[in-house]
2 protein chains.
Amino acid sequence: MINKIALAGCGNVGTALLEILHEKRTVLEDTYGFKFEVTLVTDLMKGTVANPDGLDLGELLRCIREDRSFAKLPQKNGTFAELLDISQATMLAEATPTDRVTGEPGLTHLRTALTKGVSVTTTNKGPISLAYEELKELAKANGAKIRCEGTVMSGTPLIEMVVRGMAGCTVQKIEGILNGTTNFMLTRMEEGKTYAEALEEAQAKGYAEADPSGDVEGWDAAVKVSIMSEIFFGKKIDTSDIERIGITEITPEKIKSAKDAGFKVKLIAGIEDSADGFRAYVVPKDIPFSHPLATINEATNAITITTDYLGDVTLTGPGAGRKETGQALLTDLIAMA
Amino acid sequence: MINKIALAGCGNVGTALLEILHEKRTVLEDTYGFKFEVTLVTDLMKGTVANPDGLDLGELLRCIREDRSFAKLPQKNGTFAELLDISQATMLAEATPTDRVTGEPGLTHLRTALTKGVSVTTTNKGPISLAYEELKELAKANGAKIRCEGTVMSGTPLIEMVVRGMAGCTVQKIEGILNGTTNFMLTRMEEGKTYAEALEEAQAKGYAEADPSGDVEGWDAAVKVSIMSEIFFGKKIDTSDIERIGITEITPEKIKSAKDAGFKVKLIAGIEDSADGFRAYVVPKDIPFSHPLATINEATNAITITTDYLGDVTLTGPGAGRKETGQALLTDLIAMA
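All of the points below concern the structure found in this document.

Thresholds applied
For every chain, the first residue of the written sequence is number 1, and numbering continues from 1 along that sequence. Written order decides the labels, with chains lettered from A and ligands numbered from 1. Totals for whole chains, interfaces and linings use every residue, but because this is a predicted model, local features are given only for residues with pLDDT of at least 70 and side-chain atom pairs only at 80 or more, for both listing and counting. Based on all heavy atoms of the structure, the side-chain values leave hydrogens and waters out of the count. Only the contacting stretch of a helix is used when fitting its axis, a line to C-alpha atoms as for every element, and angles between N-to-C directions run 0 to 180 degrees. Helix and strand assignments follow DSSP, with helices taken as H or I runs no shorter than four residues and strands as E runs no shorter than two, numbered in order from the N terminus. Roughly parallel refers to an angle under 35 degrees, roughly antiparallel to one over 145, roughly perpendicular to one between 65 and 115, and oblique to any angle outside these ranges. Two helices cross in a left-handed way if the nearer one is turned anticlockwise from the farther one by less than a right angle. They cross in a right-handed way if the turn is clockwise. In what follows, residue pairs with any heavy atoms lying within 4.5 Å of each other are defined as contacts. Throughout, the ten residues Ala, Val, Leu, Ile, Met, Phe, Trp, Tyr, Cys and Pro are labelled nonpolar, Asp, Glu, Lys and Arg are labelled charged, and all others, Gly among them, are labelled polar. Copies are brought into register by a least-squares superposition over C-alpha atoms of residues with pLDDT of at least 70 in both. Only protein chains enter the accessibility calculation, which uses a 1.4 Å probe. A residue is then buried if its area is under 20% of the maximum for its type, exposed if over 50%, and partly exposed in between. Two N or O atoms count as a polar contact when they lie within 3.5 Å, although within protein this holds only if one can serve as hydrogen donor and the other as acceptor, and sequence-adjacent residues are included solely when both atoms are side-chain atoms. Two strands pair if DSSP finds at least two bridges between them.

### Considering the packing of helix α7 (residues 180-190) of chain B against helix α8 (residues 195-204) of chain B
Residues and elements named next belong to chain B.
Step number 1: Where α7 contacts α8, the two axes come as close as 9 Å, and the packing angle between them is 130°. In terms of orientation, α7 and α8 fall into the oblique class. Of the two elements, α7 crosses α8, and the hand of that crossing is right-handed. Between α7 and α8, the contacting residues are Thr181, Phe184, Met185, Arg188 and Met189 on the first element and Tyr195, Ala198, Leu199, Glu201 and Ala202 on the second.
Step number 2: Here the contact of α7 with α8 is composed, by residue class, of seven nonpolar, one polar and two charged.

Take a look at the structure:
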């Protein structure tokens, strides 16, 4: 059977997915038995192209490279539901930007696809944080699947590892560094840079956005905590209800005095579920040098998962990146086939 | 559908699996839709019990606790094939001890089950190292599945994470600490103990066997390298062809002088597959303090996987333990259901 893939959102991540699919077509078929065509690509800026028999990926990538748009190709119009029908898509890769308040446009894309029985994977944290349970029910009711590997730690396969790799274990606690931008900034500040200099360098590297509040105020990590709370602990918690302190009050002086006392300052995201209650947080913490999280520098992410049978398992890897996040979509597409 | 589980080998790991299944029956059904009965348990020392309608796990565990045997229960006799037929098993958990030269008795158990279309999971490194490709073909030909999460890093879900979580990536290199016993000994020797003292402590803790050669000569890690070579790189390499130096020549003096130069001595297992060729090894290496593997102490295992799309991903966790390895079997049973 040929999997017909629709892609909603063709920015850095969506484009990376197209590149990987184009590069690896033979390997995917030979190694994973994964046969596919991309039958719809729709992007607010680049335009909308569809063909139920499969689009020419080489041509799409050339258009992106040369024109940053599909303007030279015949455009399709219609609602997202109509576009899915035209494309005959069997799976949707959703890679529109995160809006943590409304979840749109991703939420509508996911609802529309699942209602039609089209399986979905998304890197968009908004809809998963806001409506995972509803979407999961919708998937179940329509015989479709929903996955979201790329919403936490990008392509580093945290969700697959915990949900399937630790199936049967009860997760008791998670604790980690889940925002690469702030960890990069803290690393620079350890080296003596000011907050402003560290932020400027993070922006120059493309880690931080022009408005950095999503990262430095801890919102990005908090959204991820809400996603993990639902998926790993079965508990829905609104992002705004998560105990959250960013790094905006951290100074090189604070970092220096922590260092003199044997600690590193890290922005730690965590969930604890014990007899003492349930706690979800994103807060700067003093971490002893000997603790594994103290060794995580630059934009790297790391998380320790504590379960009843496996003790502590720590996963460290990239937490962002276009190829990395595109790969997260691919992992999910293969798993849903 | 009720999954009928046969268990071959009921030592520490097999018993842990029975305990987990007994403890988690309700959770497994509610959370994973995994309904099961254990219909066969066969162990060289404890005896053989079978019932196609399901054995009483509470009673089995009581017998193990009180008598270390099933002698008080009605025994079943027959070849392993006959026992599988009697039990009507649909999946086999194989947890007999590793024989890296013959693979027996595990190899016969796995072949017999797969030939009957019974899916298998094993913690036994012997058969997987010796005959993975044959067993995989046998599984395919008979519509069965084969998994072996527990053969490397115990229940820490390395294989699931790489094979499914990184599906689509090309693995270029792996490097890690995959033998807990020797890492425990090296940690003790860093603290000033002699090789003999460190070995004695490892034996007292149950990490090292009376004949420690499998660990200290690097054989255990080499068998794991051969398994990963086949599963992650698609290349069969005999354990005896792996470049292998154990820790028998390591002295506290060598560790001290490495430390003075900024290094830790670690027994490193690795595979590299590049334009320069293919290399598989288990050798002591001087690791700089700043390297993530330098921070892995005691009996913990850790491995860094380098792929084309995800850069370096590091997984750290327990590499042994009865509950941990029992959990590996459970993860696989759920995945095969």
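### Quick look at the relation of the copies chain A and chain B
Step number 1: When chain A is fitted onto chain B, the two copies agree to an RMSD of 0.0 Å after a turn of 180° and an axial shift of 0.0 Å. Here the copies are linked by what is in effect a two-fold axis. No C-alpha of chain A approaches the rotation axis more nearly than that of Leu315(A), which lies at 2.4 Å.
Step number 2: The fraction of interface residues of chain A whose copies in chain B are also interface residues reaches 100%, indicating that both copies meet through the same surface.

### Quick notes on the environment of Asp85(A)
All names here are of chain A.
Step number 1: Structurally, the position occupied by aspartate 85 is in helix α3 (residues 80-87).
Step number 2: On the accessibility criterion, aspartate 85 (47% relative accessible area) is partly exposed.
Step number 3: Within polar-contact distance, the side chain of aspartate 85 engages the side chain of lysine 116 at 3.0 Å.

### Brief notes about the sheet that holds strand β1 (residues 3-8) of chain B
Where strands meet in a sheet, backbone hydrogen bonds hold them as pairs that are either parallel or antiparallel.
Residue and element names in this part refer to chain B.
Step number 1: Spatially, six strands are ordered β3-β2-β1-β4-β5-β6 in an open sheet, and the strand pairing comes out mixed. A strand with exactly one partner marks an edge of an open sheet, and here the two such strands are β3 (47-50) and β6 (146-147).
Step number 2: Two elements, β1 and strand β4 (residues 91-94), share four bridges in a ladder whose sense is parallel. Paired with leucine 7 across the two strands is alanine 93, which belongs to β4.
Step number 3: The strands touched by helix α12 (residues 322-336) within the sheet are β1, β4, β5 (119-122) and β6, with β5 carrying the most contacts at an inclination of about 160°.

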